[in-house]
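Each chain is listed here by its residues.
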Amino acid sequence: MTTISEAEFARICSGIRDDRESIVKHNPLGPDDEILLWMLLSCLISYLNLTDLETPCFNGRPDAETYRNAIRFVLGERRTAPFDVDKYLSELINADS
């Protein structure tokens, strides 16, 4: 099972935050927070080499909280050490870019 460190998770979040304007512009699927959380989840699925069986599925239309929960779930046992995921999620969606 592939794992992720806090430093690497922070780096991914920072990169998405830095590219926020472009990501939102080219993915007008919903509110900014949903788009950024969707992008982070997609990056984690790839980074952690999740199989189709490990990848979260959604019923109906997912919202920001759905993506937050999916990210927490994906990171559950895949962190090299415990860290506060919500801190990074809040920083990601509340950036003043």
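The structure we're discussing is the one just above.
Residues numbered from 1 in each chain as written. Predicted model: local features only at pLDDT ≥ 70, side-chain atom pairs only at ≥ 80, totals over all residues. Heavy atoms only, no water.

(A) Expanded view of the overall build of the protein. Helix and strand counts for the protein come out as five helices and zero strands. Its helices and strands taken in sequence order, the protein reads α-α-α-α-α from the N to the C terminus. In summary, the protein has a C-alpha radius of gyration of 13 Å against a globular reference of 13 Å for 97 residues, a match within 12%. Considered along the principal axes of its C-alpha atoms, the protein spans approximately 35 × 30 × 20 Å. Sorting the 97 residues of the protein into buried and exposed places 39% on the buried side. Put simply, of all contacts in the protein between residues at least 6 apart along the chain, 70% involve residues at least 24 apart. When the accessible surface of the protein is totalled, it reaches about 5700 Å², and 49% of it is carbon and sulfur. Looking at the protein, you have 10 positive and 17 negative side-chain charges, and the mean spots of the two groups are 1 Å apart. (Helix = DSSP H or I, 4+ residues; strand = E, 2+ residues; numbered from the N terminus. Rg over C-alpha atoms; globule rule 2.2 N^0.38 Å. Buried < 20%, exposed > 50% of the residue type's maximum accessible area, 1.4 Å probe, protein only. Contact = heavy atoms within 4.5 Å. Areas by Shrake-Rupley, 256 points an atom, 1.4 Å probe, with all protein chains shown as cover. Lys, Arg positive; Asp, Glu negative; His and termini not counted. Charge placed at Lys NZ, Arg CZ, Asp CG, Glu CD.)

(B) Quick look at the nonpolar core. Membership of the largest hydrophobic core comes to 28 residues, with the highest contact counts inside it found for Phe9, Ile16, Leu37, Leu40, Leu44, Ile71 and Leu75. Only α1 (6-18), α2 (20-26), α3 (32-47), α4 (64-75) and α5 (85-93) provide two or more residues apiece to this core. Sorting elements by how many residues they give to this core places α3 first, with seven residues. Beyond its immediate chain neighbours, meaning those up to four positions away, leucine 37 contacts Ala64, Tyr67, Arg68, Ile71, Leu89, Leu92 and Ile93. (Core = buried A, V, L, I, M, F, W, Y, C linked by side-chain atoms within 4.5 Å.)

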